[in-house]
Amino acid sequence: MRAKQEKLAALFRQATIIPVLTIERIEDAVPLAKALVAGGVRVLEVTLRTPVAIEAARAMMANVPEAEVGIGTILNANDLSRAESLGAGFGISPGVTPDLLKAASASALPLAPGIATASELMLALAHGFDLVKFFPAEQSGGIKALRALAGPFPDVMFCPTGGIGEANAAAWLAEPNVVAVGGSWLCPAADVRSGNWAGITAMCNRAMKLLKPA
Ligand code: 3PG
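All figures in this text were calculated on a predicted structure; none of them were measured in a lab. (Residues numbered from 1 in each chain as written. Predicted model: local features only at pLDDT ≥ 70, side-chain atom pairs only at ≥ 80, totals over all residues. Heavy atoms only, no water.)

What follows is about the side chain of Asp130. Tracing the sequence through the fold places Asp130 in the loop between helix H6 (118–126) and strand E7 (131–134). On the basis of relative accessible area, Asp130 is assigned to the buried category, the value being 13%. Apart from residues no more than four positions distant in its own chain, Asp130 is found in contact with Arg2, Gln5, Leu125, Asp155, Val156 and Met157. (Helix = DSSP H or I, 4+ residues; strand = E, 2+ residues; numbered from the N terminus. Buried < 20%, exposed > 50% of the residue type's maximum accessible area, 1.4 Å probe, protein only. Contact = heavy atoms within 4.5 Å.)

Next up on the list: the layout of surface pockets. Roughly 200 Å³ of internal volume is contained in the largest pocket. Lining the largest pocket are Val20, Thr22, Ile23, Glu24, Arg25, Asp28, Ser184, Cys187, Ala189, Val192 and Arg193. Ranked by residue count, the leading element in the lining of the largest pocket is helix H9 (residues 189–194), at three residues. (1 Å grid on protein atoms, 1.4 Å probe; cavity = no way out; pocket = protein on both sides within 12 Å on 5 of 7 lines; lining within 4 Å. Points joined across faces, edges and corners; volume = space filled by probe spheres on them.)

Summed over all chains, the structure comprises zero disulfides. In this structure Cys204 is not part of a disulfide, and its nearest cysteine sulfur, from Cys187, lies 8.7 Å away. (Disulfide = S-S within 2.5 Å.)

Neither face of E7 is exposed, since Leu131 and Lys133 on one face and Val132 and Phe134 on the opposite face are all buried. Taken together, the two bridges between strand E6 (residues 114–115) and E7 define a ladder with parallel strand orientation. Paired with Gly114 across the bridge in E7 is Lys133. On the question of chirality, the crossover connecting E6 to the parallel E7 by way of H6 is right-handed. In the sheet, E7 pairs with strand E8 (residues 157–160) via four bridges, with the strands oriented parallel. Residue pairing across strands places Val132 opposite Phe158, the latter belonging to E8. For the segment spanning E7, helix H7 (residues 142–150) and E8, crossover handedness is right-handed. (Pairing = 2+ DSSP bridges. Right-handed = clockwise from strand over helix to strand, strands pointing away.)

Turning our attention to the side chain of Glu175. Relative to the helices and strands, Glu175 is located in the loop between helix H8 (169–173) and strand E9 (181–183). If near-sequence neighbours (up to four positions away) are discounted, Glu175 is found in contact with Ile143, Leu146 and Arg147.

A separate point is the sheet that holds E8. Within the open sheet, the three strands sit side by side as E6-E7-E8. Their pairing is parallel. Edge positions in the sheet fall to E6 and E8, since each has one partner strand and no second. Sheet contacts for H7: E6, E7 and E8; angle to E7, the most-contacted strand, approximately 150°. (Axes fitted to C-alpha atoms, helices over the stretch in contact; angles between N-to-C directions.)

Now for the packing of aromatic side chains. The final tally for this structure, using the stated rule, is three aromatic pairs. Each ring, one from Phe12 and one from Phe90, has its centre 5.4 Å from the other, and the planes form 80°; the classification is edge-to-face. Within this pair, whereas Phe12 is found in helix H1 (residues 2–15), its partner Phe90 is found in the loop between helix H4 (77–86) and strand E4 (91–92), the two being separated by 78 residues in sequence. For the pair Phe12 and Phe90, one class covers both residues: buried. Geometrically, the ring pair formed by Phe134 and Phe158 is edge-to-face, given 6.4 Å between the ring centres and 75° between the ring planes. Here Phe134 is found in strand E7, whereas its partner Phe158 is found in strand E8, with 24 residues between them in sequence. Put simply, the rings of Phe134, Phe158 and Trp172 touch in pairs and so form one group of aromatic residues. The ring of Phe135 is capped by Lys133, whose NZ or CZ atom sits 4.6 Å from the centre of that ring. (Phe/Tyr/Trp six-rings, centres within 6.5 Å; stacked < 30°, edge-to-face > 60°. Lys NZ or Arg CZ within 6 Å of the ring centre and 35° of its normal.)

The next thing to look at is the site of the ligand. The immediate surroundings of the ligand are formed by Val20, Arg49, Lys133, Phe135, Thr161, Gly162, Gly163, Gly183 and Ser184. Between an oxygen atom of the ligand and a side-chain N or O atom of Arg49, the distance comes to 2.3 Å. Contact distances for the ligand include 2.5 Å between an oxygen atom and a side-chain N or O atom of Ser184. The fraction of the free accessible surface of the ligand (310 Å²) that becomes covered by protein chains is 78%. Of the residues in the shell around the ligand, the class split is two nonpolar, five polar and two charged. (Near = heavy atom within 4 Å. Polar contact = N/O pair within 3.5 Å; in protein donor to acceptor, adjacent residues only side chain to side chain. Areas by Shrake-Rupley, 256 points an atom, 1.4 Å probe, with all protein chains shown as cover. Nonpolar A, V, L, I, M, F, W, Y, C, P; charged D, E, K, R; others polar.)

And the structure:
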């Protein structure tokens, strides 16, 4: 468990920004992953929100080896085992259930479980998860809420997601307990639909320059 958590923390730290990807059309998967990687964004969360999600993640893994592909919107043990059989690098869930946490602690797949309250965080910690997704971050009280959680839980690492974009990502990343931020802003649905891959790469380059100074 320890080694799994440390590996995940190192991956998230190195990522800085983890784009939350909801892929509607399978043919967009590979060009999208290439566009993100070209912009310096390499750790990707493919959400299980569309029928093509698993196939899209598989295509990215096969064709864009520079990308580290994880699976998001893991809601239960079955989703977790689908992500693991796929060979995904990590999993992310929006919330916690005892069943999911039990399955995840027994699984080789590293998971960042979602929490929004102290009680949910205590449940995650009880199963050994000390790197969590703070979700929905802005809507759950923003940076003030995160700072309040840091009091009783000084050793927990957070990946806030929800309501984060270019304008506020730097403020979140300046918090000492934040290892990375997640968000859908680097992958606007309109750009994906129109195949504006260069636009996505440019946005990623700008964000990385701003948020991850060399
Ligand atoms: C998520 O699932 O992590 C969120 O839907 C992403 O939130 P955002 O769209 O506000 O970035």
